[in-house]
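Letter by letter, the chains look like this.
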Amino acid sequence: AAKAAGRGKHCFYEAAMHSEATDRQRLEHDLRLALERQEMFVAYQPIVLAAGEEISGFEALVRWNHPARGMISPDKFIGIAEECGMIGKIGEFVLRSAVGEAAHWPEHVRIAVNLSPIQFNDPHITDTIAAVLSDYGFRPERLELEITEGVFLADSDATDGTFARLKSLGVRLALDDFGTGYSSLGYLKKAPFDKIKIDQSFVRGAASTTKRNGAIIRAIVTLADSLDMDTTAEGVETHDDLFLIRELGVSQVQGYIFGKPMTGEEARKLANSSRVEAEGFQCIREPRQ
Ligand code: C2E
Ligand code: MG
Ligand code: MG
Ligand code: MG
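Residues numbered from 1 in each chain as written. Chains lettered and ligands numbered in written order. Predicted model: local features only at pLDDT ≥ 70, side-chain atom pairs only at ≥ 80, totals over all residues. Heavy atoms only, no water.

The name an unreviewed UniProt entry assigns to the protein chain is EAL domain-containing protein, from the organism Sphingomonas brevis.

**Section: the overall build of the protein chain**
For clarity, the cut-off: Put simply, DSSP marks the helices as runs of H or I at least four residues long and the strands as runs of E at least two long, and each gets a number from the N terminus on. It is over C-alpha atoms that the radius of gyration is taken, and the globule rule equals 2.2 Å times the number of residues to the power 0.38. Residue exposure (1.4 Å probe, protein chains only): buried if accessible area is under 20% of the type maximum, exposed if over 50%, otherwise partly exposed. Should any heavy atoms of two residues lie within 4.5 Å, those residues are counted as being in contact. In short, Shrake-Rupley with a 1.4 Å probe defines the accessible areas, and a residue's cover is counted only from the protein chains shown.
Secondary structure summary: the protein chain contains eleven helices and nine strands in total. Scaling as 2.2 N^0.38, a compact globule of 289 residues should have a C-alpha radius of gyration of about 19 Å, and the protein chain matches this with 21 Å. Considering only C-alpha atoms, the protein chain reaches an extent of 70 × 50 × 45 Å along its principal axes. The buried share of the protein chain, reckoned over its 289 residues, is 47%. Taking the contacts inside the protein chain whose residues are at least 6 apart along the sequence as the reference set, 68% of them involve residues at least 24 apart. Here the protein chain displays about 14600 Å² of accessible surface, and carbon together with sulfur accounts for 52% of that area.

**Brief notes about the layout of surface pockets**
For clarity, the threshold we go by: Using protein atoms alone on a 1 Å grid, points that fit a 1.4 Å probe yet trap it form a cavity, whereas open point sets bounded by protein on both sides within 12 Å along at least five of seven lines form a pocket; residues with an atom within 4 Å of a point count as lining. Grid points are joined across faces, edges and corners, and a volume is the space filled by probe spheres set on the points. Throughout, the ten residues Ala, Val, Leu, Ile, Met, Phe, Trp, Tyr, Cys and Pro are labelled nonpolar, Asp, Glu, Lys and Arg are labelled charged, and all others, Gly among them, are labelled polar.
Within this model, the largest pocket holds a volume of roughly 1100 Å³. For the lining of the largest pocket, the secondary-structure elements that each account for two or more residues are β2 (55-66), β3 (70-72), α2 (74-83), α3 (87-102), β4 (110-114), α4 (117-120) and β6 (172-178). For the lining of the largest pocket, the residue count by class is 15 nonpolar, 13 polar and twelve charged.

**Here we look at the site of ligand 1**
We apply this condition: Whether a residue is near a molecule or strand depends on its heavy atoms: if one lies within 4 Å, it is near. We define a polar contact as two N or O atoms separated by no more than 3.5 Å, with the added condition that, inside protein, one atom must be a possible hydrogen donor and the other a possible acceptor, whereas residues neighbouring each other in sequence contribute only through side-chain atom pairs. Cavities and pockets are treated as containing a molecule whenever more than half of the molecule's atoms lie within 2 Å of their grid points.
Around ligand 1, the structure places 23 residues, and the nearest of them are R63, N114, Q200, E237 and Y256. Here E234 contributes a side-chain N or O atom positioned 3.3 Å from an oxygen atom of ligand 1. Protein contact buries 85% of the 800 Å² of open area that ligand 1 shows by itself. The cavity that encloses ligand 1 is the largest pocket. For the shell around ligand 1, the elements supplying multiple residues, two or more each, are β2, α2 and β6. No other element matches the four residues that β2 contributes to the shell around ligand 1. Within the shell around ligand 1, the residues separate by chemical class into eight nonpolar, six polar and nine charged.

**Considering the confidence of the model for the protein chain**
Threshold: Think of pLDDT as the predictor's per-residue confidence, scored from 0 to 100.
Summarising the model, the protein chain shows a mean pLDDT of 90, and 91% of its residues fall at 70 or more. Across residues 281-289, confidence stays below pLDDT 50; counting only partners more than four residues off in sequence or on other chains, it has 20 contacts. Across the assembled chains, the prediction reports ipTM 0.98 with pTM 0.91.

**Structural notes on the nonpolar core**
Basically, it comes down to this: Only buried residues count toward a nonpolar core, which is a set of Ala, Val, Leu, Ile, Met, Phe, Trp, Tyr and Cys residues joined through side-chain atoms within 4.5 Å.
Counting 78 residues, the largest nonpolar core has F58, I111, L143, F193 and I217 as the members making the most contacts within it. No other element matches the seven residues that α3 contributes to this core. When near neighbours in sequence (up to four residues on either side) are disregarded, I111 contacts Y44, F58, A60, A98, A102, W105, F138, R142, L143 and E144.

**Remarks on the coordination of the magnesium ion (ligand 3)**
Note on metal sites: the ideal angle is 109.5 degrees for four tetrahedral donors, and 90 or 180 degrees for six octahedral donors. Short version of the rule: Counted as donors are N, O and S atoms no farther than 2.8 Å from the metal, or 3.2 Å for Na, K and Ca; water is not among the atoms, and sites may therefore look incomplete.
Protein ligation of the magnesium ion (ligand 3) involves D176 (OD), D177 (OD), E234 (OE) and E234 (OE), the donor distances falling in the range 2.1 to 2.4 Å. The two metals, the magnesium ion (ligand 3) and the magnesium ion (ligand 2), are separated by 4.0 Å and share D176 as a common coordinating residue. Taken together, the positions of D177 in strand β6 and E234 in strand β8 (residues 230-234) put the pair 57 residues apart, joining distant regions of the chain. On the accessibility criterion, D177 (27% relative accessible area) is partly exposed. Relative accessible area serves as the criterion here: at 6%, E234 is assigned to the buried category.

**With respect to the pairing of β4**
Definition in use: When DSSP finds at least two bridges between two strands, those strands are taken to pair.
Both β2 and β4 contribute to a ladder of four bridges, which runs parallel. Directly across from A60, in β4, lies its bridge partner V113. In the sheet, β4 pairs with strand β5 (residues 143-147) via four bridges, with the strands oriented parallel. Opposite I111, over in β5, you have L143 as the bridge partner.

Quick look at the structure:
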């Protein structure tokens, strides 16, 4: 009986593993076709100056509207795209869409685009970015590339070279999700970042939970200030957190309180309005859900 049960269990695991594998394979297969089937689009989330409720820019966030499964989160498919060699194409699609859209915004409004470590390590990345900027006549200072610590895992001479070329192109660089990885201060010393994005895990609920989150945010702000870098707090959802973030001297705020990721059309309207109010956008919904 024990053996039978054991075998049954074994079969169950095998079946589960099998369905997981085919599920992943199916997703990978669909992902390969997603761009040409025009299932992907870019959503834009406002980044607001902490002091004055003025739009500083928008972050471009890729969306995949799967014909059968509906919206699939980038957290689910970016990793697959990286493993399967598709991130380059997807990343270039996001960059081109985002710069093309931002070209319609007022000059002071920036666009931030996430750059996967794999894109960063592509020897042609600077040429690709330069080509997109020139196609739209877009000033490089208006483009901010969001980079995670993952880029520092690769060969450091090549990494240094890429940073130098991106800097000489004139684009801005932001260190994304700061505080979640190794957060080595060596990275801040080495790489020419213009901004640190403080990860949501320190920000969300900072006013109501432990004082430690506030202390960590304060320390990051002090560090960034002395290195002449901006700071953005990600994931601000409540007035209490917004109040605290302002008090701590963070320069910019990004979070549902000022708007969820929205369509290009909605972003264009918002970019052209002079002020944005906290929770003033109740009508904003995740695009096409
Ligand atoms: P990220 O770059 O840190 O982007 C911020 C994420 O936090 C976005 O999730 C955004 O919708 C979410 N967020 C912003 N404010 C709030 C808030 O107040 N509350 C909550 N609960 N969430 C908030 P999203 O769009 O699902 O993207 C997740 C991650 O996927 C991104 O994290 C980024 O790492 C990756 N990603 C998205 N688009 C791209 C892309 O075009 N290229 C690459 N390489 N990665 C991307
Ligand atoms: Mg980002
Ligand atoms: Mg982030
Ligand atoms: Mg993130």
